[in-house]
Amino acid sequence: MKHLFNFNDDWTSIGVKLSGGADSAIMYYAICDYFKDRDDVKIYPMTLDTQFKNWYSKGAKRIIAKVTELTGKSPQEHIVKYSKKHTNRQTADWYIKEQKNLIIESHTKFNFDAVYNGLTSNPVEEDFLEFIRQYYLDDKLFELTKKHIVTRDFDRDLGKNKYGQNVIDTGHFINIRPFVHGDKKLISEVYKYYNRLDDLYPLSYSCETRWQEHKLEQKHSHEWKHCGYCFFCAERIYAFGKLE
């Protein structure tokens, strides 16, 4: 399993994109676990909060605290940037641009040898829908979830992922996407390999439904509970058989 991460013992400065979701959480754990006995290796989790999604850094801090407890490896610094330009779903391109800027700015300061990104590919739609249909006996809830699945980011479909190269030498650092050739079920296997299903996975948070947008119950503030029907919640159910 460790071959996924392309670890290099010559590295001493590593950047990790950490949102607090299931993918980035186990990726951050694997990196810290591998280098836990190397005091000379500095690890820098990087998190982008935005006006539209302002909970990422809080989720990332929960993961950092737990991983430090489990491995004894603390981050050199948790780099957090806030963007005012990503204000709604129509300005999502700014989220991508600001993430790139965060990496560039951080690399300029800390001279990364490698940067890790936990991006996965989408599950095959037919298999995904069939599993969710069997999981949710409630037709209304299934139809609500289905709408999110059939309007997903098609650029990330398995086998067609435009981000499909898993190791890229940028000329400045190595950019690594260890999970890009697999879907969420690969993430589940990584959790099983590291035996972190019971203590780390429940702390991860993947839901992208903002509290104002909840359709199943009225909410008045952001809570660390998954909605259960957005695409990212459905992925967790498909891969892990449970949300938390």
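Let me begin by describing the structure that accompanies this report. These numbers were taken from a predicted model, which means no experiment stands behind them. (Residues numbered from 1 in each chain as written. Predicted model: local features only at pLDDT ≥ 70, side-chain atom pairs only at ≥ 80, totals over all residues. Heavy atoms only, no water.)

Turning next to the overall build of the protein chain. Tallying secondary structure elements over the protein chain gives seven helices and six strands in all. In sequence order, the protein chain lays out its α and β elements as β-α-β-α-β-α-β-α-α-β-β-α-α. With respect to the principal axes defined by its C-alpha atoms, the protein chain has extents near 55 × 40 × 35 Å. Taking all 244 residues of the protein chain together, the buried fraction comes to 52%. The contacts of the protein chain with a sequence gap of at least 6 include a subset with a gap of at least 24, amounting to 73%. Accessible surface computed for the protein chain: about 12000 Å², of which carbon and sulfur atoms make up 47%. (Helix = DSSP H or I, 4+ residues; strand = E, 2+ residues; numbered from the N terminus. Buried < 20%, exposed > 50% of the residue type's maximum accessible area, 1.4 Å probe, protein only. Contact = heavy atoms within 4.5 Å. Areas by Shrake-Rupley, 256 points an atom, 1.4 Å probe, with all protein chains shown as cover.)

Even without glycine at this site, N6 takes up a positive phi of about 50 degrees. Even without glycine at this site, N111 takes up a positive phi of about 50 degrees. Residue position: N111 is located in the loop between helix 3 (92-110) and strand 4 (114-116). By relative accessible area, N111 is classed as exposed at 54%.

This paragraph deals with the pattern of salt bridges. Pairing between side chains of opposite charge can happen when the charged atoms of each approach one another. The full count for this structure, using the stated rule, is 16 salt bridges. Between E235 and K184 there is a salt bridge whose closest N-O contact spans 3.7 Å. Here E235, found in helix 7 (residues 231-240), pairs with K184, found in helix 6 (residues 184-194); they are 51 residues apart in sequence, far enough to count as distant. With relative accessibility at 3%, the residue K184 sits in the buried group. (Salt bridge = Lys/Arg side-chain N within 4 Å of Asp/Glu carboxyl O.)

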